[in-house]
Amino acid sequence: MTATTSKVYLVRAGGDGEDENYALDNGLAIIRFTEYPSLAAAKDYDAVLEVVKATDPGLKPRAAGNYAGQLWAFAVAMQPGDIVVLPRKLTSQIALGRVKGPYRQDNIDGCMRHVREVEWFRPDIPRSVFGQDLLYSFGAFMTVCTITRNNAEERVAAVLAGKPDPGFVLSPGKTPKAGTVADDSEAQGYDLALAANDQIVAHIQSRFHGHALAKLVDAVLVADGWSTKLSPPGPDGGIDIFAGRGPFGLDAPRLCVQVKSQNSPADVTVYRTLQGAMQSYKAEQGLLVCWGGFNKVVLNEARQGHFTVRLWESRDLVEAIYRTYDKLPAEIQAELPLKRVWMLVQEGDET
């Protein structure tokens, strides 16, 4: 199956990302639905639906069809070579891989789980790499669904190959492809809060790049009560911001901050450089901000420095902006106009 004909499946790893690390570390896609037995003998949707009904006869027809559709997509429809999209919960990244093997049920931590073997070629792609329309589809509430709208197959395959998302351009005389029964957000709704957050991330990325992002981080720290000194544009010796407590910033703890606006995961060299700078400047704490997040090596090594260094990716910075927004300078609020909106939480279909 070629990259241009591969189907794209969204497969989540638990409502809170509880299976995320295990799936990525072990080359698997994992879904729960633990109440249902193995589907290895099922050859079509009707067979899966019969298993669902037999296991839980009290289910309403619509719910039974919903669960059967997701299980059928995962166990039967998905084929080796198809692309799997895993929106990560523990980071603001997306993992992309290709299905390698057939469906099976495995015992994971004493619980039988539905799994597919997946080769995760790119496990740490920043969400901001993808166009807003694809991110919208990635926000579908379903545990498993296909992503087809707006040339999704070709675009996700391009990102998987290390290329930029080419975006969606509608050919003259054609109409957009409609969603299908098991298709993305049109079928079961989408995460409004996540969609809004993605729009804010895209806006910050377009307005605050390079030294401007360091200025934004500096403003957040000041709003949080730090006294700071922002390095000027240009070479900074590994430190963008010096911060401390007290009116002059001389009181402990002393903080060294490095800010990277790159739209790709930072490697361990950046982390170790910050640690070295902290020793040189006798700072007790460090903050490493990388817009594109961090690769696995950094995340693993950062556990050892948990009480001295914090890692912020785009999601963490945006959350800090939400927390301090009312205290940010007027010029930043003008560049980043936000308004708090309350909404009713909709129940998802992850199980």
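Now for a description of the structure that goes with this document. Each chain has its residues counted from 1, running along the sequence as written. Predicted model: local features are reported for residues with pLDDT of at least 70 only, side-chain atom pairs are reported and counted for 80 or more only, and whole-chain, interface and lining totals are derived from all residues. Computation of side-chain values: all heavy atoms of the structure, hydrogens and water removed.

1. Examining the overall build of the chain
Item 1. When helices and strands are counted, the chain shows 12 helices and 12 strands.
Item 2. By the compact-globule yardstick of 20 Å for 351 residues, the chain fits well, its C-alpha radius of gyration being 23 Å.
Item 3. Principal-axis analysis of the C-alpha atoms gives the chain an extent of 70 × 50 × 40 Å.
Item 4. In short, Shrake-Rupley with a 1.4 Å probe defines the accessible areas, and a residue's cover is counted only from the protein chains shown. Summed over all atoms, the accessible surface of the chain reaches about 17,300 Å², with 54% contributed by carbon and sulfur.
Item 5. For the chain, the distance from the average site of its 37 positive side-chain charges to the average site of its 42 negative ones is 2 Å. Segments assigned H or I by DSSP are reported as helices when at least four residues long, segments assigned E as strands when at least two residues long, and all are numbered from the N terminus. Taken over C-alpha atoms, the radius of gyration is set against a globule rule of 2.2 Å times the number of residues to the power 0.38. Charged-residue counts in this description rest on Lys and Arg as positive and Asp and Glu as negative, His and the chain ends being excluded. Here the site of a charge means NZ on Lys, CZ on Arg, CG on Asp, or CD on Glu.

2. What about helix α5 (residues 152-160)?
Item 1. The buried count for α5 comes to 8 of 9 residues, which makes it a mostly enclosed element.
Item 2. Only protein chains enter the calculation, and the probe is 1.4 Å; a residue is then buried if its accessible area is under 20% of its type maximum, exposed if over 50%, and partly exposed in between. Among all positions in α5, only A152, E153, R155, V156, A157, A158, V159 and L160 are buried.
Item 3. Throughout, a contact is declared for two residues whenever any of their heavy atoms are within 4.5 Å. Check the buried side of α5 and you find it contacts β1 (8-11), β3 (83-87), β4 (93-99), β6 (111-126) and α4 (132-138).

3. Considerations on a nonpolar patch on the surface
Item 1. Patch rule: a residue counts if its relative accessible area is over 30% and it has no salt bridge; like charges are joined within 9 Å, and nonpolar side chains (Val, Leu, Ile, Met, Phe, Trp, Tyr) within 5 Å. A pairing counts as a salt bridge when a side-chain nitrogen of Lys or Arg comes within 4 Å of a carboxyl oxygen of Asp or Glu. A cluster of nonpolar side chains, namely L192, V341 and M343, defines an oily patch on the protein surface of about 280 Å² accessible area.
Item 2. Inspection of the secondary structure puts L192 in helix α7 (residues 192-207).

4. Some points on the sheet that holds strand β11 (residues 285-290)
Pairing between sheet strands relies on hydrogen bonds along the backbone, with the strands arranged either parallel or antiparallel.
Item 1. By definition, two strands form a pair when at least two bridges between them are found by DSSP. Taken together, the 5 strands give an open sheet; going across it, the order is β8-β9-β10-β11-β12, and neighbouring strands pair in mixed fashion. At either margin of the open sheet sits one strand with a lone partner, and together these are β8 (227-230) and β12 (309-312). Strand-to-strand twist across the sheet, computed as the mean angle between neighbouring axes with direction ignored, equals 20°.
Item 2. Two strands pair when backbone bridges link them, and strand β10 (residues 251-260) and β11 are joined in this way by 6 bridges, in the parallel orientation. Note on geometry: axes are C-alpha line fits, over the in-contact stretch for helices, and angles between N-to-C directions span 0 to 180 degrees.

5. Some points on the side chain of Q93
Item 1. Among the secondary structure elements, Q93 is positioned in strand β4.
Item 2. You can call Q93 buried: its relative accessible area is 1%.
Item 3. Between N or O atoms, a polar contact is any pair within 3.5 Å; within protein, one atom must be a potential hydrogen donor and the other a potential acceptor, and residues adjacent in sequence are included only when both atoms are from side chains. Within polar-contact distance, the side chain of Q93 engages the side chain of T91 at 3.0 Å.
Item 4. In this structure Q93 touches L86, P87, R88, D124, I125, P126, R127, P265, G292, G293 and F294, once residues within four positions along its chain are discounted.

6. A look at the side chain of D82
Item 1. Relative to the assigned elements, D82 resides in the loop between α3 (61-77) and β3.
Item 2. Within the buried core, D82 has no salt-bridge partner, and the shortest N-O distance to an opposite charge, that of K7, equals 6.5 Å.
Item 3. Reaching out from D82, the side chain makes a polar contact with the backbone nitrogen of K7 at a distance of 3.1 Å.
Item 4. In this structure the side chain of D82 is engaged in a polar contact, spanning 2.8 Å, whose partner is the backbone nitrogen of Q79.

7. A closer look at the packing of helix α2 (residues 45-55) against α3
Item 1. Packing of α2 against α3 leaves a shortest axis separation of 9 Å and a crossing angle of 125°. The angle between the axes of α2 and α3 places the two elements in the oblique class. Crossing of α2 over α3 shows right-handed handedness. On α3, the residues touching Y45, V48, L49 and V52 of α2 are A64, G65, Y67, A68, G69, L71, W72 and V76.
Item 2. Class assignment of the residues belonging to the contact of α2 with α3 gives a composition of 10 nonpolar, 2 polar and no charged. When an angle is under 35 degrees it counts as roughly parallel; over 145 it counts as roughly antiparallel; between 65 and 115 it counts as roughly perpendicular; any other value is oblique. It is the rotation of the near helix from the far one that decides the hand of a crossing: anticlockwise by less than a right angle makes it left-handed, clockwise makes it right-handed. Under the grouping applied here, Gly and all other residues not named as nonpolar or charged are polar, the nonpolar ones being Ala, Val, Leu, Ile, Met, Phe, Trp, Tyr, Cys and Pro and the charged ones Asp, Glu, Lys and Arg.

8. A look at the nonpolar core
Item 1. Ranked by size, the top nonpolar core spans 31 residues in total, and within it V11, V48, V52, L71 and F74 carry the most contacts.
Item 2. The element best represented in this core is α3, accounting for 9 residues.
Item 3. Once residues lying within four places of it in the same chain are set aside, the contact partners of L71 are I31, F33, Y36, L39, V48, V52, V76 and H114.
Item 4. Membership of the second largest hydrophobic core comes to 30 residues, among which are I204, L287, V318 and L336. Residues belong to a common nonpolar core when they are buried Ala, Val, Leu, Ile, Met, Phe, Trp, Tyr or Cys residues joined through side-chain atoms within 4.5 Å.

9. A closer look at the pattern of salt bridges
Item 1. Under the counting rule described, the total for this entry stands at 15 salt bridges.
Item 2. One salt bridge connects R113 with D19, and the closest N-O pair in it is separated by 2.3 Å. In this pair, R113 is assigned in strand β6 and D19 in the loop between β1 and α1 (20-25), connecting sequence segments 94 residues apart.
Item 3. With a relative accessible area of 7%, D19 lands in the buried category.
Item 4. Members of the salt-bridge network, linked through shared partners, are E18, D19, R32 and R113.

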